[in-house]
Amino acid sequence: MAAPADFLQKPIITYTAPPTFIASPNWHKVLATISAQLPLRNIHWKPVSQTTLRTIQELDVNLVPFESLRDELTSQVPVTLLEKPLLHIFVFHCEDSDVEAYRNLHKRFIKDWQMSVSNRKNQDWLILHIIRPDPSKMPTGKLFAIKNSVLDKLRTDFNLDKREHCVQLNWNIGNDNPQVWAEFVNKLKEGLLYAFDLAISQRQEEVKRSENQQSMPGWNFCTFFILKESLASSFEGMNLLEEALVPYDELEALFQRVSREKNMSWFGNLIQPEHNDDSQPLLSVNKKKYREMILANSISVFDFRIYLLSRQCQLLAKMGLIHEATTKVGFFLGTLGKRLRDVEASLPPLFIEAWAYSSALSTVEQCNAWVKEYKIDTSKPSTNAGKAELLDIARSQLDIIGIEASHLPPIPPFTSSTSWTSRLSSVAKLSFSNETLNVAVGNRQAFNELYVALTNRAIDLYAKSGRRKFALKLHGTLAAFECNRGNLSAALNTFISLPAHYSPYLWNSLEGFMLSRAVHTHEQLDKPQDTEWVHIVLAFLKSYVDHRGEEMLMYDVDATEYVARLVDSLRSSVEQLEAAQTPLDLPHPDHPALTVSVADSANLAETRDGSYLEATITNHLPVTFPTEEINVSLSGRESEKVKFNASISDGLPPGHSHFTLYCKTSAPGTFLLESSEIRSSHLVLSTNYRKAFSKPSSRSTTLIRIPSDPLALDVRISQSSRIVLGSPQSLMAVLSTGRNQVRKAIVRLSSPSATFRCREACLEEGMFPTNIGVSFEATKDGVTLEDIPDGSEISFMAPHSDASALTAMKVNIEVDYVTVQEPDVSRTARFSRVLITTLPLSVNVEDFFRGTRLISKFTVSTTSHQHIRISDARLDLPNDGVEGVTVERSSSKRRIITVTPHQPANFLFALNSTKGPVRESLNLSIKYRMLREEVESVIQKEVGKLLEDYPDNLKQKIVLISKLVDALESDAGWVDMYGITGELLVPDLHVEDGDLAMAWTMARKRLAEHRHPESPEGSWREIQIPVDVPFMNIVAAARLRVVSTPFASASSSGELPSLYAGQPISADLLIHTTFHWGLSPSEHQKQYLLRFNIEEMVREWLVSGPKRGDFIATDNAMHIVPITLIALHHGEFLLPKITVSALPISGTLTMGSLAVPSIETYQVHGAEKVLILPRGGRSTFVISMGPG
């Protein structure tokens, strides 16, 4: 489909030469070489009114002889500016130095030609001077050379407007080097653009002047259209396609404005239908004489708009924008088709549908032709998508034609409305100029083949473009078409599979229609109502709720009756499956027909364990939905689960229904609404509220608070009350029954970090089953307790594997219990507890050897921030005792000591051994309890005494104790006073309850009057730590004994004489050694080489004698060394210290080196001080005072 010649007009360049040159054989070679430089490439054009630089990739021009031009005549019809030449070329050959030949032979021809072309408006000219290359006459490069060449003469004679019009070409025949012609080609480009800018500027001024005259009488839209269109055709000829499209877009906008103003006097009727108007190619501009009709003001609006659209699409195609062209056509068919409905009565039957059908198909074919002609890249998805949309438009026209021809039923999806009204009179006969449509109307088989082929083409193009959801929509249409043809099985399979593909795109209406057809087709096939049927019905009900029962879901039936029938069939199908003993439930997640909302807090059951939760179920269906049970699951920390449920007897009516759900166990805390289940026989409609949804705003997170029930069954855990280091570890569990009189309870313990040996579990020491009337049995799986009264606490120990490498251990506790009050209700309580496995205290020991006595100092510190109360600490010998060994405590008086993080406690023990070293381990036993435990026991005791006259008020007791503990936790100011006197000064809190407020006041008063008992009371924990007695090869006792001074007289009392500074003092160094604490009894026979050293005290003492020496030490021997001391100044200070070290034992190796025996030295005189007096005397002088 070629465009008119006007729109294919290329820029024209003329050429001419002297007659002698044209007659020479070289002229044809020159002309051929000039033609070889065409088309022009990479032309850079800058619009006058814009700053953007445009690049013309390729420009084809017409090279014509100058003599072939006709005289210019002024035309009354504006046409393209390119019908006139833009550039003229004069070519001549002359040697550059032959100035005489130029003057005599060429100058006159050039002058005449130049005068001729200069009289032409908006045209440029160029002189090409060809010379042969001569190496001997190459430019010398002299600066002041005389300009006397032919080129210089040309420039002088013809470059009068200061523009370069002369080009010299140094060329030999046969030289095809592009660089030789580069300057000439550039001049061609410059000349073309210069002339084009002049012409286009003048035409734009004319258009602007005409546009400003719109409101003046006599202005004609059609004339203005032709004038402005000349701009577009001119730009198109210069391959400036974007600029060419702008005038058409502006003309379209102007037409829309004129149309809105209803000023259509320049046009004919809306449409003047001709014989082939409903079948001719839409984008062909040659099918009618459009320009003549426009100039004659006789063109119809229908033809005018088609012509304008055709020109726009042709330019878009040249630009490679096929997808924009198809989109424009699709919009055009819709808008113009709607406009034609106003005059549909004057048109042939179904003219609009036939025209739209033919136009859409012809546009697709035209696009395919353009793709080949302009070599357009079709890999872009949008290209195929646009063509697919046009095919879909053609298919939708076939729907209407097929319904009118009785080939299709007037129901969705063949019609967009359930109330179809025929557009034909009873006597009208369908006839089109499109023979394909005539055959399809008259032959059902031909229509079916045409419909399927066209739909499959659209599906294929949609798939190639990646628009999967549109392809799925057409698959649904094909399924309905197959159903209409009687192919029900294939149609059912398609109807069932398509809704899952529609759902992600939120096509609720189309999804509902497919499901409605699936239900209808399933019934037509008389298939059994099995699991497949259940899922189809549920899917349809989902779509019904999502789309709120609006149009396209069903047809020709009452919606309520239709849904009621489906719900009844659903119930009967589920009951049949149940009767057939189908083992599994039929879960259907996130069905919107029934929605559940719950309150944000639960209420305690008060009289029994558990809590109530208010729930509202909304039935979005217009009929009652049969239901038996509702379950709501909550999730808490660490995978804790809570389940509420309630039975439903009469089903769920439309709208809101309120229920109270009950949970059998108490689980305080804040929980997240996780899921809900509504059961109807085997059918389970579940909703997962923690699932990530495509629309986050559709559901918000629901948090539910369950209050703490102080009277519910509870389990606490802690470390064993009696810990023996080195023995298997145990856990102490305390089961509190609260309000429950437990008939039977099974306690199971588990941990991801340890293994419990429940078979070895036992009651806490001091708690016997016969005393409390409880049956206790330890099995492999857990601990079984029976007949536990209410308000009781049962403590038992459960050994577990080693967990010393952990600081804390998570313990999961599960209690299955049945109460006397509700013997038919079996409850399972789950608790997640953390057991601190590290000891609450640490013990450090420091040993001091003193002859046959070993003094041990034990320092007890807390390992946490909590305070520890210690009632007793003992160092015990083994049960059988140790011969010759006794242990003495530093004090026999027992008092409670508080250990804080900043204040440890010290305990001293003396070990006397007459038989040498002690090889058996001793036990350090510490009785302790945490300050919190002691305070809680005090509170429980005092509150128990306060409320002992009200044995039935268990809840008030527990609540009061809890409030007192919370008050003490809020302020630690009471701790110091309690440690001294035992007073518990509870901070005052506001308590609203009358009875509780009175009990609160009295309890605070009693606790403030509390005092520590004289002796420790209550239960205490005990830890036993094995203590190994250390060994020491040598124990040395060093002493400095002052004997006398040279000036002192002998004293019978044995007291030290007076010591003066600077006096020599005689002293003995005494070193006593014992091997009592050696490794074996044979140690007494050994000898060791020892070395003593007297400490240097250069500020106090000067030592004379052996300050260092070696000696042989034996068991229980004394080594004496005499020395002399001189005090350097007066005062009271210590004597020098003596260190004694052992030397290696020759011949004995340890770890590859000589063995060194262990030794400990203590200073016997370490606490002694000596008084040094200042040295001085007294002299008497008699002084004469003169006569007197």
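Residues numbered from 1 in each chain as written. Predicted model: local features only at pLDDT ≥ 70, side-chain atom pairs only at ≥ 80, totals over all residues. Heavy atoms only, no water.

- The protein chain carries the name Trafficking protein particle complex subunit 10 in an unreviewed UniProt entry, which gives Crepidotus variabilis as its organism.
- Reading the Subcellular location (unreviewed entry) entry of the UniProt record for the protein chain gives the comment "Golgi apparatus". (UniProt positions renumbered as here; feature names shortened; annotations may be inferred.)

1. So, the overall build of the protein chain
Reasoning step 1: Scanning the protein chain from terminus to terminus reveals 24 helices and 48 strands.
Reasoning step 2: Taken over 1188 residues, the protein chain has a buried fraction of 46%.
Reasoning step 3: Restricting the contact set of the protein chain to residue pairs at least 6 apart, pairs at least 24 apart contribute 74%.
Reasoning step 4: A total of about 60,600 Å² of accessible surface is found on the protein chain, and carbon and sulfur atoms cover 50% of it. (Helix = DSSP H or I, 4+ residues; strand = E, 2+ residues; numbered from the N terminus. Buried < 20%, exposed > 50% of the residue type's maximum accessible area, 1.4 Å probe, protein only. Contact = heavy atoms within 4.5 Å. Areas by Shrake-Rupley, 256 points an atom, 1.4 Å probe, with all protein chains shown as cover.)

2. Some points on unusual backbone geometry
Reasoning step 1: Going from L38 to P39, the amide bond is cis rather than trans, its omega being 0°.
Reasoning step 2: With respect to the helices and strands, the residue P39 is situated in the loop between helix 2 (26–36) and strand 2 (40–45).
Reasoning step 3: Of note in this structure, N297 is not a glycine but carries a positive phi near 55°.
Reasoning step 4: Inspection of the secondary structure assignment puts N297 in the loop between helix 8 (290–295) and helix 9 (301–318).
Reasoning step 5: Judged by relative accessible area, which is 28%, N297 ranks as partly exposed.
Reasoning step 6: The phi dihedral of N1116 is positive, around 55°, even though this residue is not glycine.

3. Details of helix 7 (residues 241–260)
Reasoning step 1: Here helix 7 spans 29 Å end to end across 20 residues, near enough to the 28 Å set by a 1.5 Å rise per residue.
Reasoning step 2: Looking at helix 7, one finds that the buried residues are L241, E243, A244, L245, P247, Y248, L251, L254, F255, V258 and S259.
Reasoning step 3: The inward-facing, buried residues of helix 7 contact strand 2, strand 3 (54–59), helix 6 (221–237), helix 9 and helix 10 (322–340).
Reasoning step 4: Residue K262 follows helix 7 closely and has a positive phi angle near 55°. (Expected span 1.5 Å × (residues − 1).)

4. Quick notes on helix 13 (residues 435–442)
Reasoning step 1: When helix 13 is considered as a whole, its buried residues turn out to be L437, A440 and V441. Buried residues of helix 13 fall within an arc of 100° about the axis and therefore sit on the same side. In this structure, helix 13 carries E435 and G442 as exposed residues pointing more than 90 degrees from its buried face.
Reasoning step 2: Buried-residue contacts for helix 13 involve helix 11 (351–374), helix 12 (381–404) and helix 14 (444–464).
Reasoning step 3: If you check the start of helix 13, you find a side-chain oxygen 3.0 Å away from the backbone N of T436, and it comes from N434. (Arc of directions from axis to C-beta. Polar contact = N/O pair within 3.5 Å; in protein donor to acceptor, adjacent residues only side chain to side chain.)

5. Points about the environment of L735
Reasoning step 1: Topologically, L735 is positioned in strand 20 (residues 730–736).
Reasoning step 2: A relative accessible area of 2% places L735 in the buried class.
Reasoning step 3: In the structure, L735 is positioned 22 residues away from L713 in sequence and 7.5 Å away in space, judged by C-alpha atoms.
Reasoning step 4: Discounting chain neighbours no more than four positions away, the residues touching L735 are L713, D714, V715, L785, I788, S792, E793 and I794.

6. Comments concerning the sheet that holds strand 37 (residues 1059–1060)
Reasoning step 1: Taken in spatial order, the three strands make up an open sheet running 37-48-43, and their pairing is mixed. Both edges of this open sheet fall to strand 37 and strand 43 (1131–1134), since each of them pairs with a single strand only.
Reasoning step 2: With four bridges connecting them, strand 43 and strand 48 (residues 1169–1173) associate as antiparallel partners. Counterpart to F1133 in the pairing with strand 48 is V1170. (Pairing = 2+ DSSP bridges.)

7. A word on the pairing of strand 6 (residues 124–131)
Reasoning step 1: Across the eight residues that make up strand 6, a large majority, eight, are buried.
Reasoning step 2: Burial of strand 6 is two-sided: the residues D124, L126, L128 and I130 facing one way and the residues W125, I127, H129 and I131 facing the other way are all buried.
Reasoning step 3: Where strand 5 (residues 87–93) lies against strand 6, seven bridges are found, and the strand directions are parallel. Considered in strand 6, the bridge of F92 is made with H129.
Reasoning step 4: In this fold, strand 5 hands off to helix 3 (residues 99–118), which returns the chain to strand 6; that crossover is right-handed.
Reasoning step 5: When strand 6 meets strand 7 (residues 166–170), the two strands line up parallel, connected through five bridges. Within strand 7, the position partnered with L128 by the bridge is V167. (Right-handed = clockwise from strand over helix to strand, strands pointing away.)

8. Side note on the pattern of salt bridges
Reasoning step 1: Considering all chains together, one arrives at 55 salt bridges under this definition.
Reasoning step 2: Two residues, D157 and K107, come together in a salt bridge whose shortest N-O distance is 3.6 Å. Taken together, the residues span a long stretch of sequence, with D157 in helix 4 (residues 150–158) and K107 in helix 3 at a distance of 50 residues.
Reasoning step 3: A salt bridge links R874 to D872; its shortest N-O distance comes to 3.4 Å.
Reasoning step 4: Taking the relative accessible area as the measure of exposure, R874 reaches 25% and is therefore partly exposed.
Reasoning step 5: Given the relative accessible area of 7%, D872 is considered buried.
Reasoning step 6: Connected through salt bridges with shared partners, the residues D872, R874, D876, R889 and E1022 form a single ionic network. (Salt bridge = Lys/Arg side-chain N within 4 Å of Asp/Glu carboxyl O.)

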